[in-house]
Structure formats: C-alpha cells, structure tokens
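Descriptive structure summary
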Amino acid sequence: MLDRKAFEEEMREARQQELWGAEYCLNRYTEEIESLREIAPYAKISEEAIRYLEEIPISTEGKPFRQVLEELQDYVFSAAVGLSHPRCFAFVTSAVSPYSVAGAIMSDMYNLHAGGYQLSPGANIIEEKLIRWMGSLAGYPGSSGGLFTSGGSMSNLTGMIAARANVLTEEEYQIAVAYTSDQAHSSVRKGMKLMGLRQDQIRIIPSDEDFRMDPALLEKAICEDLKAGRKPFLIVASMGTTNTGSIDPLPEIGRIREKYGMWLHVDGAFGGSILLSEIYRNLAKGLELSDSFSWDLHKWALQCYSCSVCIARDKKQLVRTYAEHPEYLGDIIDSEHIDGWDLGIEMSRPTRAIRFWFTVQAMGTDKLADVIDYAFYNSHVAERQLKSFGDWEICAKPMCGTLNFRYAPKDVDSAKYDALNSEISRQIIESDFAYVVTTVLKGKRVLRMCMINGNTTTDDVTDTLDKLNETARKLKASFM
Ligand SMILES: *Cc1c(COP(=O)(O)O)cnc(C)c1O
C-alpha cells in the first residue's frame, strides 16, 4: 500500500531539490559562457566520455541530482558548447543570447502549450505579433500569417505542403513538378520527397557563377514540363544558401511564379535575418512576391534551438491546408485568433515565440540589426585580407557574412589544391584555435567561413586568417 502522507512529504522535498538543481544549472551555464574563449571552438568529446555515457545504467532507485548534473555537464554540455565559440566558423550557427535562454527556460518552466489560443492566450498573442512584424519586414500585406516551428526543415515542409494544397487539385498530384536550385538546402529535397513527389517530379535547376538559381534555365524547364503535359506548381528559391550565403534572383523568379500561376516558397532559414538590417534588407527585394517563406531565428538571430518561422502571404492558405477541427477540440476552437494547429503540422508544441520576444524586447531591434551588419562587415574585411596575402583565391563573393576561398599557390599543381585545403582545415581544427571546414563549390574543395556567430569579432576573423595563411605556407612544401 502507498503511504500517502509519506509520499506527499517526499514529493515536497524532491521539489525543493529540483529547484535547487535548476539554480545550480544556471550558475554553471553562466560560468561556462563567460569563459567561452578558453574552450575548443567545436564539439569535442573524449573516448572516455563516450564509453562512460554508453555504459551509464538507467537508474531505478534514483541518485543525487548533483551527480546526474555533473555527468551531463562534463560529458554532454561542455562537450558541445563550442558552437557558440567566437571562432566557430563552421556550419550556420548562432551564439545564443542569454535572453533567448531565459525565454526558453521560462516557457519550459510554465510548460506553455502554444498549440491553441485558449491554452495560453498570452503566448499566442505574442506569437501572432512577432509573425505580423516579421511578415511586414518581408513586404507581406496584413493578411499574412504563420507560425513558429522547430526549424528550417519544418518551415520549408510547411510552406511546400501549402503549395500543393493551394495550387493543385488531387487529380494533378501525379503530374505535378517542383523546382529548386543545385544550391538548395537538403531539407528542400527531403521535404519534396516527404510530400510524396517522385524523383521525376523534382527539377534541380543549375546555379550561375554566383551560386544563384538561373531564372532563364528555370523558365526553360517549366516550359518543357508544360509541353509534356505536366503541371509545374512549386518553386523553392533560396535566400542565403548554406554554402555561400547566395540569394536567388527573387524579382525574376517572382515574375516566373506570376506568369505560370505557381507557388513560390523562399527558404530564408539562413538569410531571413537580413530583414532585420536597414542596410541589407534591400537584398531581399522580391521576397514580397513569394507565397511563403522560412526564417530560422536559431541561425542568425541569437536564438537557441528550436526557433524558426514559416510565414505565408495569405494566412488563409495555411488554414486551408492544415485545419481539421476534430470534434473533441470543439470547445477550444477560437474564431478570432487562429490556433497554431490550424496553421501547421504540430498540435502540442512549446511556445518558441517567447524566447525571441525576450531577445527582441530586451535587446531592441537596432542591436539585432548590428549583429547582421557586423557579419557582412567582417566578411568584407576577410576578403580584403585574403587578397592582400596573395596565393589565395576568393571562390564566391562574400554574402550573408559567409566567405569561400582556397589556398591556390601558383607553384603547386592545381590538381593538389583539394587535398591541400582539406589539410589546412584539418590542421586549424587540430590546433583548437578555430573551427573552419571545407565545402565543395563547382567541383572545387574550398574553405568556408560563416561569420554570423554573434560572438565573433573582427579580430577573431583576422587572427584566424593569419593562422590559416601561416599553416598554408608551412604546408605548401609538402605538396610541391
Ligand atoms: C539550416 C538550413 C535549413 C534547415 O534548417 P533546420 O533549422 O536545421 O531544420 C534549411 N535551409 C537552409 C538554407 C539552412 O541553412
């Protein structure tokens, strides 16, 4: 028999322990973030840690919270924190604002359910407000709407499925065709697959020398499909490709969308944040011609995972796609505010708007814009510095705070450049000074630095390039 009194007393004590534990976690986090420059700029886990984690048994009796925390602190948290490091230039990662952390913790503590308006009205109003503001930055009208999602992959899928629901009849599913560029993020092709499109219903349009979708080739492909009796319905353009930060020619693609009555979804998972900048917002010209777009706040707006939005120019098109209104929810369907579950895929979901709200309101949009402008600035400084070195080739124009380049000394056989640049990357990572990885552009292996991490300073960029140059010059002899 359960001794109810004793059990309840135990639960009260446990709650005290839990609160103490939460406070302790926050203190540890603060210490770690303050000494960020002292750790390796990438996720680094020891063999010992891997073994330990693999072997920890699931506890039946429970054990002291502190012990559980220490294990995780050393082997999980500290082994991953490097992505916020000022010299982490790999991937597309954001240093996290403590405001975002606070927002995430508060949302989780109160366990806010952002699925429907009546479950947490305040959080819904905040979400609607942010979405309206972000839609207006994109040039969308007041009828626009959308929702926060877990990430760019989910936002892209949300927009693409809306395309199918609004452009095609069910009979047309089998002959429908979707178009994207060879620089599109993998989540675009994955989303198309998830929608049930076959390989022969997906066209990959080549990009030009600046890694932007070629609109003439896009239109040519559409015309060929029309002639063959197929139904072009969706174009997915990129605003900030993962490789080079390139932005597809949105005004031209917008005109093609208009001419052929298609849906244009813009993947702004990375580049969406340029909308925050007065200076660089004009690069998003043409976005207002799209039907929907994605924007990850966990990429370039200081947010912790998972924080993204999908916004449609006409929110009714999302409702038409996603609303089901099952009877058991009848009482909590609210007519004035559209519920999150009627705008997207998820039902129960955390409020991802609150963390961004904390950041926007506490920092102010001017400071967020500075983060964007500074990244562009640093990438231009980097380009100039590399040109001054000689022997380095700029492989794509700096865009969205991202620069691709390679070491290409005349006295080394160009067939060895790929191996040489891979080795430069390997050595800089090994040195624990900076995290710079390679990518492949038009068949060439190149070094890529994504400088959007909000902790990165100009000195971090120039010091890293000095180090790369030094490493490259030392290595050169072994490739001659
Ligand atoms: C990161 C990224 C995605 C995927 O976003 P997730 O948040 O990782 O799901 C999609 N598109 C682009 C351009 C990206 O950079």
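Residues numbered from 1 in each chain as written. Predicted model: local features only at pLDDT ≥ 70, side-chain atom pairs only at ≥ 80, totals over all residues. Heavy atoms only, no water.

What to know about the overall build of the protein chain
Convention followed: What counts as a helix is a DSSP run of H or I of at least four residues, what counts as a strand is a run of E of at least two, and both are numbered from the N terminus. Here the globule rule is a power law, 2.2 Å times the number of residues to the power 0.38, and the radius of gyration is based on C-alpha atoms. Residue burial is assigned from relative accessible area. The probe radius is 1.4 Å, only protein chains are included, and a residue is buried under 20% of its type maximum, exposed over 50%, and partly exposed in between. In what follows, residue pairs with any heavy atoms lying within 4.5 Å of each other are defined as contacts. To be clear on the numbers: accessible area is Shrake-Rupley with a 1.4 Å probe, and residue cover counts the displayed protein chains and nothing else.
Assigned secondary structure in the protein chain consists of 15 helices and 11 strands. The globule rule puts the C-alpha radius of gyration for 480 residues at 23 Å, and the 25 Å found for the protein chain is close to it. Taking the principal axes of the C-alpha coordinates as reference, the protein chain spans close to 80 × 60 × 40 Å. Residue burial in the protein chain is summarised as follows: out of 480 residues, 51% are buried. Long-range pairs, those at least 24 residues apart, make up 74% of the contacts in the protein chain between residues at least 6 apart in sequence. With an accessible surface of roughly 22,600 Å², the protein chain has 53% of that area assigned to carbon and sulfur atoms.

Here's the deal with unusual backbone geometry
Omega for the bond connecting Y305 with S306 falls within 30 degrees of zero, at -5°, which places this linkage in the cis form. With respect to the secondary-structure elements, S306 resides in the loop between α10 (297-300) and β7 (308-312). Unlike most non-glycine residues, L302 shows phi in positive territory, near 65°. Of note, L302 is situated in the loop between α10 and β7. The backbone of C400 sits at a positive phi, close to 50°, despite the residue not being glycine. By secondary structure assignment, the location of C400 is in the loop between β8 (392-399) and β9 (402-407). A relative accessible area of 0% places C400 in the buried class.

Considerations on a nonpolar patch on the surface
Selection rule: Patch membership is restricted to residues that have no salt bridge and whose relative accessible area is over 30%. Joining uses 9 Å for like charges and 5 Å for the nonpolar side chains Val, Leu, Ile, Met, Phe, Trp and Tyr. A pair is scored as a salt bridge if a Lys or Arg side-chain nitrogen falls within 4 Å of a carboxyl oxygen belonging to Asp or Glu.
A contiguous nonpolar surface patch, about 530 Å² in accessible area, is contributed by Y99, M106, M109, Y110 and F358. By residue number, the principal contributor to the nonpolar patch is helix α4 (residues 98-109), which donates three residues. Taking the relative accessible area as the measure of exposure, Y110 reaches 60% and is therefore exposed.

Here's the deal with the pairing of β8
The condition is simple: When DSSP finds two or more bridges between a pair of strands, those strands are recorded as paired.
In the sheet, β8 pairs with β9 via five bridges, with the strands oriented antiparallel. Bridged to W392 within β9 is Y407. Taking the residues between adjacent antiparallel strands as the criterion, β8 and β9 are bridged by two residues, where C400 takes a positive phi near 50°.

Quick word on the packing of aromatic side chains
What counts here: Two aromatic rings from Phe, Tyr or Trp, using only the six-membered ring of Trp, form a pair when their centres are within 6.5 Å; if the ring planes differ by under 30 degrees the pair is stacked, by over 60 it is edge-to-face, and anything between is tilted. Whether a charge sits over a ring comes down to the Lys NZ or Arg CZ being within 6 Å of the ring centre and within 35 degrees of the ring normal.
Summed over the entire model, instances satisfying the criterion amount to 11 aromatic pairs. Here W392 and Y407 contribute two aromatic rings whose centre-to-centre distance is 4.9 Å and whose plane-to-plane angle is 45°, an arrangement assigned as tilted. Separated by 15 residues along the polypeptide, W392 in strand β8 and Y407 in strand β9 bring together distant segments of the chain. Members of the aromatic cluster, joined through ring pairs, are F270, Y280, W300 and F376. The ring of F433 has R87 sitting right over it, with the charged end atom 4.1 Å from the ring centre.

Thoughts on the sheet that holds strand β10 (residues 437-441)
This is how the line gets drawn: Structural elements are reduced to axes, namely lines fitted to C-alpha atoms, with helices fitted over the stretch in contact, and the angle between N-to-C directions of any two is expressed from 0 to 180 degrees.
What the four strands build is an open sheet, ordered β8-β9-β11-β10; its pairing is antiparallel. The strands lining the two open edges of the sheet, one partner per strand, are β8 and β10. Sheet twist, expressed as the average angle between the axes of neighbouring strands with direction ignored, equals 35°. Of the pairings in the sheet, the one linking β9 to strand β11 (residues 444-450) comprises four bridges and is antiparallel in character. Bridge pairing in β11 links T402 to C450. Running at roughly 165° to β8, helix α13 (residues 365-389) makes contact with β8 and β9 of the sheet. On top of the sheet, helix α15 (residues 458-476) reaches β8, β9 and β11; it is set at about 20° to β9, its chief contact.

Things to note about helix α14 (residues 417-430)
Structurally, the α-helix is built with 3.6 residues per turn, so residues lying three or four positions apart point the same way. How we decide: Take the residue count of a helix, subtract one, and multiply by 1.5 Å to get its expected span.
Here α14 contains 14 residues, and its C-alpha end-to-end distance of 20 Å stays within 8% of the 20 Å for a straight helix at 1.5 Å per residue. If you check which residues of α14 are buried, you get Y417, L420, N421, E423, I424, S425, I428 and I429. Check the buried side of α14 and you find it contacts β8, β9, β10, β11 and α15. After α14 finishes, the residue D432 shows a positive phi value of roughly 65°.

With respect to the site of the ligand
The condition is simple: We define proximity as follows: a residue is near a molecule or strand when any one of its heavy atoms falls within 4 Å of that partner. For this analysis, a polar contact is any N or O atom pair within 3.5 Å, provided that within protein one partner can donate a hydrogen and the other can accept it, and provided that sequence-adjacent residues contribute only side-chain to side-chain pairs. Note on residue classes: Ala, Val, Leu, Ile, Met, Phe, Trp, Tyr, Cys and Pro are nonpolar, Asp, Glu, Lys and Arg are charged, and everything else, Gly too, is polar.
In the vicinity of the ligand lie 14 residues, with G152, S153, D267, D296 and K299 positioned nearest. G152 places a polar main-chain atom, nitrogen or oxygen, 2.7 Å from an oxygen atom of the ligand. One of the side-chain nitrogen or oxygen atoms of T242 is found 3.2 Å away from an oxygen atom of the ligand. Protein chains shield 85% of the accessible area of the ligand, which is 380 Å² for the free molecule. Taken together, the elements giving at least two residues each to the shell around the ligand come down to α6 (152-167) and α10. A breakdown of the residues in the shell around the ligand according to their chemical character gives two nonpolar, nine polar and three charged.

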